[in-house]
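# Chains, contacts and geometry: an overview
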Amino acid sequence: MLRQLLKLFGLATVFGRLDAFIIKSWTLSGPSSTGESSKYRPVIFWHGYGDSAHSGGMETIASIIHETFPGIFVYSVELGKNENDDSWASIFGNAKDELEKVYKIIVGMPELESGFDAIGFSQGGFFMRALLEYYDLPMRRLITLGSPHNGISTIPCKGILSSICKNINPSIVYSPLFQQRIIPSTYLKLDDERYLKNSLILADINNERSQKSQLFKQRFTQLEKFHMIRFEKDTTIIPMESEWFAEPEKSFRETEIYLNDWIGLRELDEKGAISFASIPEDHMNFSQEQFRDMVVKPFLGSPKSSIVEMTITRLDESDVQDLTAKS
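All residue numbers refer to positions counted from 1 along the written sequence of the respective chain. Local features are withheld for residues below a pLDDT of 70 in this predicted model, meaning they are given only at 70 or higher, and side-chain atom pairs are given and counted only at 80 or more; totals for whole chains, interfaces and linings count all residues. To obtain the side-chain values, all non-hydrogen atoms of the structure were included, while hydrogens and water were left out.

## Examining the overall build of the protein
- Secondary structure elements follow DSSP: runs of H or I of four or more residues count as helices, runs of E of two or more count as strands, with numbering from the N terminus. The helix and strand tally for the protein stands at 16 helices and six strands.
- For the exposure calls, accessible area comes from a 1.4 Å probe over protein chains only, and a residue counts as buried if that area is under 20% of its type's maximum, exposed if over 50%, partly exposed in between. For the protein, with 327 residues in total, the buried portion stands at 58%.
- Pairs of residues are marked as contacts when any of their non-hydrogen atoms sit within 4.5 Å. The long-range share in the protein, meaning contacts at least 24 apart out of those at least 6 apart in sequence, stands at 77%.
- Method for areas: the Shrake-Rupley scheme with a 1.4 Å probe, in which residue coverage is limited to the protein chains shown. Entry remark: accessible area of the protein is about 13,800 Å², with carbon and sulfur atoms responsible for 49%.

## Some words on the pattern of salt bridges
- Whenever Lys or Arg places a side-chain nitrogen within 4 Å of a carboxyl oxygen from Asp or Glu, that contact is recorded as a salt bridge. Applying the stated criterion across every chain, the model contains 13 salt bridges.
- Arg41 serves as the salt-bridge partner of Glu224, at 3.3 Å between the closest nitrogen and oxygen. Of this pair, Glu224 sits in the loop between helix 12 (214–220) and strand 5 (225–231) while Arg41 sits in the loop between helix 2 (11–15) and strand 1 (43–46), and the two are 183 residues apart along the sequence. This pair shows no difference in class: Glu224 is buried, exactly as Arg41 is.

## Structural notes on the pairing of strand 6 (residues 274–279)
- Of all six residues making up strand 6, five are buried, and the element is well covered by its neighbours.
- Following DSSP output, two strands are said to pair if at least two bridges run between them. Pairing analysis gives six bridges linking strand 5 to strand 6, with the strands arranged parallel. Across the sheet, the residue bridging to Arg230 is Ser278, located in strand 6.

## Quick notes on the side chain of Thr221
- When you line up the elements, Thr221 lands in the loop between helix 12 and strand 5.
- Residues adjacent in sequence count toward polar contacts only when both atoms are side-chain atoms; beyond that, a polar contact is any pair of N or O atoms within 3.5 Å, and within protein one must be able to donate a hydrogen and the other to accept it. Looking at Thr221, its side chain comes within polar contact range of the main-chain oxygen of Gln218, at 3.2 Å.

## Here we look at the nonpolar core
- Residues grouped as a nonpolar core are buried Ala, Val, Leu, Ile, Met, Phe, Trp, Tyr and Cys residues, joined through side-chain atoms within 4.5 Å. With 61 residues, the main nonpolar core has Phe127, Ile201 and Leu265 as its most contacted residues.
- Discounting chain neighbours no more than four positions away, the residues touching Phe127 are Trp46, Ala95, Leu99, Ile183, Thr186, Tyr187 and Ile201.
- Listed in part, the 26 residues of the second largest apolar core include Phe45, Ile119, Phe286 and Leu300.

## A few points about the environment of Ser242
- Structurally, Ser242 is set in the loop between strand 5 and helix 13 (256–259).
- It is 7.3 Å that separates the C-alpha atoms of Ser242 and Ile152, two residues lying 90 residues apart in sequence.
- Apart from residues lying up to four places away in sequence, Ser242 is in contact with Ser147, Pro148, His149, Asn150, Gly151 and Ile237.
- Looking at Ser242, its side chain comes within polar contact range of the main-chain oxygen of Gly151, at 2.9 Å.

## Side note on unusual backbone geometry
- Look at the link from Ile238 to Pro239: it is a cis peptide, with omega at 0°.
- Within the fold, Pro239 resides in the loop between strand 5 and helix 13.
- Phi is positive for Asn207, close to 55°, though the residue is something other than glycine.
- One can find Asn207 in the loop between helix 11 (202–205) and helix 12.
- At Met284, a position not held by glycine, the phi torsion is positive, near 60°.

## Comments concerning helix 5 (residues 95–107)
- Multiplying 1.5 Å by the residue count of a helix minus one yields the expected span of that helix. Between its terminal C-alpha atoms helix 5 stretches 18 Å, which fits the 18 Å expected from 13 residues at 1.5 Å a residue.
- Within the span of helix 5, buried status applies to Ala95, Glu98, Leu99, Val102 and Ile106. Taken end-on, helix 5 shows its buried residues confined to a sector of 100°, consistent with a single buried face.
- The elements touched by buried residues of helix 5 are strand 1, helix 4 (83–89), strand 3 (116–121) and helix 6 (123–134). Directions are taken from the helix axis to each C-beta atom, and the arc is the one they span.

## Let's talk about the confidence of the model for the protein
- Per-residue confidence for the protein averages 83 on the pLDDT scale, and 77% of its residues sit at or above 70.
- A residue's pLDDT is the confidence the predictor assigns to it, expressed on a 0 to 100 scale. Considering only residues more than four positions removed or in separate chains, one finds that residues 1–36, a stretch of pLDDT under 50, has 85 contacts.
- With pLDDT under 50 throughout, residues 306–327 is counted as low confidence; its partners more than four residues away or in other chains account for 39 contacts.

What follows is the structure in structure tokens.
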């Protein structure tokens, strides 16, 4: 039944293309993790939609981190017994059940007990933040690349499927069938009353419902650092402003979630713990050098168990205006 519905609405073809990373062409040049004692804070990362924990691209990500900081513990989030199962789990399943499974994996790793830094690629960044808000975890820094923090307003597809994808009935998208079985539907944000009522994850972790969770805010503001990278020519995450927690007509600091500080964005920003960067390419199109220079070197490799706050350069007003000017 599920597959028939996907075929009917053109989703089976659409979602399999969501995270066609350029880094999948890289070759593995080192181990993905190590059990050796390390002076560096551990790192975990979560791949994007349709990818898998041990794809060529994700193995290369781990290799770059390990080569930069020898001996560092690196874990790539994995939800399947093999690459195909893991990829399938990023597309189909109950997102809350998967988050709980990842939580149990993390708390079962003694290497992560004293704290870790997290990286999320596209959908993986959204779920890394969900993990932080739903559970008590010693996550210190969160770096996301092309992640839909403010949701997506349309399903990414082209050609003859475009009209179908853009006109999916909200009653279907926000039904239990979709929300509990189709992973990306949990961060689809449409202007419809059913969004606040039935959104499984996004409305929840963005504290958009009338009853706010102070626990979500408390956990989110424990971060030393929240760094967001946006792809300026993104044709997958629409609107692309979502990758900077902004909106098409509102900059980061002009959004309701910031002004009312529903999850602690303003609190973190006022402490200088939020920063932004952009890459002038399409979704997830970046080089090894860019990843090393924009993510690994500036944000990873902190001393293990360190709780010293970083000094972050604040955005000035021109930077804030740039959040919408480039769209």
